[in-house]
Amino acid sequence: MVREDGKRNFALRESGDESSVFSGNTPRQAALKAARRLEPAPSEDDADQTEIRLREKGTDKVHIYEGWAWHEQAPDDKPDWMPDEITEANVSKQGIEHLDE
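Residues numbered from 1 in each chain as written. Predicted model: local features only at pLDDT ≥ 70, side-chain atom pairs only at ≥ 80, totals over all residues. Heavy atoms only, no water.

(A) Spatial organisation of the side chain of Ser20. Of note, Ser20 is situated in strand β2 (residues 17-24). A residue is classified by how much of its surface remains accessible, and Ser20, at 18% relative accessible area, is buried. What Ser20 contacts, discounting residues up to four positions off in sequence, is Phe10, Ala11, Leu12 and Arg37. (Helix = DSSP H or I, 4+ residues; strand = E, 2+ residues; numbered from the N terminus. Buried < 20%, exposed > 50% of the residue type's maximum accessible area, 1.4 Å probe, protein only. Contact = heavy atoms within 4.5 Å.)

(B) Here's a closer look at the pairing of strand β3 (residues 50-56). With three bridges joining them, strand β1 (residues 8-14) and β3 adopt antiparallel strand pairing. Residue pairing across strands places Ala11 opposite Arg55, the latter belonging to β3. Pairing between β3 and strand β4 (residues 61-73): six bridges, direction antiparallel. Residue Leu54 lies in a different strand from β4, and its bridge partner there is His63. (Pairing = 2+ DSSP bridges.)

Below you can see the structure in the form of structure tokens.
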């Protein structure tokens, strides 16, 4: 379902349970938000890939991504409130499944 602001809601599916909801204009945007909650590695090369399954609310589509997160130094022109070390994330789409429920 698309909201008035154009964003869609995606529920994170973990072993059949939908514990969190992420919103975004695209499934990838929501997957990146979910990936930032993963346990970050010291660097991108050391990061373990984790499967992220997001069900689009109002549909039977489940978007499947591989996601990983890592720590990185904040840019030099960072705002005052930003910490010196930040969490970065990336995702790679694996496909879409349709629920049979």
